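Each chain is listed here by its residues.
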Amino acid sequence: MSRSWASPGVAYLARGLLSVVVPAASSVIILVRLASLRGVQVSPWIISAVVLGAMPLGFAAYVLADERSQRQKANRLGARLVPRMQGKWPGNLDKVVSIVLRSENEYLGRGLEDEMKVLGPTINCYFFWEDVIITTEPQHIKTILATDFDNFVKGAKFREAADSVLGTGIFNSDGKRAFTGLFVKCISRLHRTMTRPFFNHDRISHFDIFDRHADHAITLAKERFRAGLAIDFQDLISRFTLDSASEFLFGQCINSLSAGLPYPHNATESTDAIQGDNTATAFAYAFSEAQQTINRRLSLGQIWPLTEIFADDTAQHMKVVNAFLDPILTDALEKHSTACEFDKNNIADDQTLVDHLVNLTTDFKIIKDETLNILLAGRDTTASTLTSVVYFMAMHPEVLTRLREEIIRKVGLTRRPTYDDIREMKYLRAVLDGTHSPTSFRESVRDTTLTSPEYGKKPLFIPRGITVSYSVLLMHRRTDLWGPDALEFDPDRWLDERVKKYLIPNPFIFLPFNAGPRICLGQQFAYNEMSFMVIRLLQNFSTITLSPEPAMRPPAWWAEKDGRQAIEQFRPRNHFTLYSIGGMWVKMEAVDDVEVIN
């Protein structure tokens, strides 16, 4: 939906004004009419009171009527309402304030975990009288993603919050929508149909791209380590994935690795002086900030436009993003218009995703939105996982040692890994599998129910049109699903008897790439990229140690808590993916001169 005529906040208030003016005007008209019929003159004070009281009274009536309607519908379906958070202030305002304040210093997800300990694994936050369901129940997630897939869509709320960044791309599409010269029943199917052949095609050129940028990233890291300085691995690996993804998608590298790496706080060099006005740095920053804005909008619910009264908070960031993308896409379309006939089903080894898309459609918006959506996935999810892998290897040197032994045994210290190498490295896959934790949002299309997580109780009623989200991160912390060691990083859980005990009977407890019709198309590409980079890292470095910057360190009082919070050495946060506040600062020891890779 276009909001170019006004800021999101002004547009929201304009829509809301109708809900104020109509009931107020109606109340005044009815009051004056009744009074005139009885020959009574209505005082201006009474009219003012009616006008001022119409909105709150009307809203209160709506809330009560909606709750009564939900209870009646639930009863007809033999169900019960989802357990609600119970705050002391109207609209659960005290709960909202508590969660926001705790999120600044508390461990990620701790506030919701505390609520779920009391209410169960599926709860209704009911913030500002808006139903917002959050679940960590695998059977519910299975229903959302697979068995009742058509009833749980991205929905209008998500689309409105993400439209200014994601447009009509694969992460922000479902339902019927028209495009130039094209009408499709389901836009999400269109996007998947367009991109699936490209990701299903194993190409050696993928590894050429990985190798080139991995070598650049490792060279930069070695230069810092030789100077006795730590690096922000989160920053480094985000640049690696951004450069790899941009070359893979566009055929043009953003070259974010060419900008100077940030320095630790106690270094004599200045990060700002090194990076300057680098275009790649500006693009990466703008892209990240736009995503942060979407995440903030989603966390606030339907009232998010009120925080953007004067301007769309993504607008300035998207100008930077568009300035980079638009010329590339325009050039690709111009080349296509002068090219000879082609085979749409034949994907050349050196063909980029943009090349592939312009062979299927000339609609600039579809191509742009699709590539931007996949750039988000190709950069952030992979960078997040690799950052977590390096953190856990620093925390568990025995894992690093064992993984490095597998790498040396299968690939050696100098050879570039192949597809077959990666497929055979079981422990590497187990290490990667221990670090995925996505979160996703859906909206219910029609009234439905979810099975009760508590045996013998009525199912849970889900009204139409409400937001239903699930957290894989919190699900992975459940000891009833993963065993008493659920909070431990232990790659062997993917290799020993625990697979048969926990995962095989209940496969929806592990969803690194979603499931069902919307399962991630690029999952094999992501595994290949992550595996390739981990192999290259451990071919070059034999140890990894944390070197936390002040902004990265968690508060001292975390050590007094239980679970992972007591031992964590960084402050996790999330937008679309997990990240570390203040970066992930580490030092690595390069292999000795006999082993060093030129």
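Residues numbered from 1 in each chain as written. Predicted model: local features only at pLDDT ≥ 70, side-chain atom pairs only at ≥ 80, totals over all residues. Heavy atoms only, no water.

Moving on, we come to the sheet that holds strand 10 (residues 460-462). On the basis of which strands lie adjacent, the open sheet formed by 3 strands has the order 1-10-9 and mixed pairing. Of all strands in the sheet, those bounded by a partner on one side alone are strand 1 (80-81) and strand 9 (448-450). (Pairing = 2+ DSSP bridges. Helix = DSSP H or I, 4+ residues; strand = E, 2+ residues; numbered from the N terminus.)

Once that is clear, we can look at the packing of helix 17 (residues 426-433) against helix 21 (residues 523-540). Packing of helix 17 against helix 21 brings their axes to within 11 Å, and their N-to-C directions diverge by 110 degrees. With respect to each other, helix 17 and helix 21 are oriented roughly perpendicular. Contact residues: helix 17 offers Leu428, Arg429, Leu432 and Asp433, while helix 21 offers Tyr527, Met530, Ser531, Val534 and Ile535. (Axes fitted to C-alpha atoms, helices over the stretch in contact; angles between N-to-C directions. Parallel < 35°, antiparallel > 145°, perpendicular 65-115°, else oblique. Contact = heavy atoms within 4.5 Å.)

In this section: the packing of aromatic side chains. Taken as a whole and judged by the stated rule, the model has 17 aromatic pairs. Pairing Phe207 with Phe210 gives two aromatic rings, centres 5.7 Å apart and planes at 40 degrees, and the pair type is tilted. Within this pair, Phe207 and its partner Phe210 are both found in helix 8 (residues 204-226), separated by 3 residues, close to a single helical turn. In terms of burial, Phe207 and Phe210 fall into one category: buried. Ring geometry for Phe207 and Tyr419: centres 4.5 Å apart, planes at 35 degrees, overall tilted. Of this pair, Phe207 sits in helix 8 while Tyr419 is found in helix 16 (residues 419-424), placing the two residues 212 residues apart along the sequence. By the burial criterion, Phe207 is buried, and Tyr419 matches it. Counting every residue linked through ring pairs, the aromatic cluster contains Phe207, Phe210, Phe248, Tyr419, Phe525 and Phe532. The ring of Tyr126 carries the charged tip of Arg84 above its face, separated from the ring centre by 3.7 Å. For the cation-ring pair, Arg429 lies above Tyr527, with the distance from its terminal atom to the ring centre recorded as 3.5 Å. (Phe/Tyr/Trp six-rings, centres within 6.5 Å; stacked < 30°, edge-to-face > 60°. Buried < 20%, exposed > 50% of the residue type's maximum accessible area, 1.4 Å probe, protein only. Lys NZ or Arg CZ within 6 Å of the ring centre and 35° of its normal.)

The next thing to look at is the confidence of the model for the protein. On average, residues of the protein score 85 in pLDDT, and 85% of them are at 70 or above. When the criterion is pLDDT under 50, residues 175-186 qualifies, and its contacts beyond four places in sequence or with other chains add up to 20 contacts. (pLDDT = per-residue confidence, 0-100.)

What follows covers the packing of helix 15 (residues 397-410) against helix 21. Relative orientation of the contacting elements helix 15 and helix 21 amounts to 100 degrees, with a least axis distance of 10 Å. Relative to helix 21, helix 15 is oriented roughly perpendicular. Contacts between helix 15 and helix 21 pair Leu400, Leu403, Arg404 and Ile407 from the former with Val534, Ile535, Leu538 and Gln539 from the latter. Among the residues forming the contact of helix 15 with helix 21, the class breakdown is 6 nonpolar, 1 polar and 1 charged. (Nonpolar A, V, L, I, M, F, W, Y, C, P; charged D, E, K, R; others polar.)

The next thing to look at is helix 15. Its 14 residues place the ends of helix 15 20 Å apart at the C-alpha level, agreeing with the 20 Å of an ideal helix rising 1.5 Å per residue. Buried residues belonging to helix 15 abut helix 14 (364-395), helix 17, helix 21 and strand 12 (541-546). Taken from the residues just after helix 15, Gly412 is the one with a positive phi, measuring 90 degrees. (Expected span 1.5 Å × (residues − 1).)

One open sheet accounts for 3 strands, arranged 7-15-12; its pairing is antiparallel. Among the strands making up the open sheet, the edge pair consists of strand 7 (231-232) and strand 12. Here strand 7 pairs with strand 15 (residues 585-590) via 2 bridges, running antiparallel. Among the inter-strand pairings, Ile231 is bridged to a residue of strand 15, identified as Val586.

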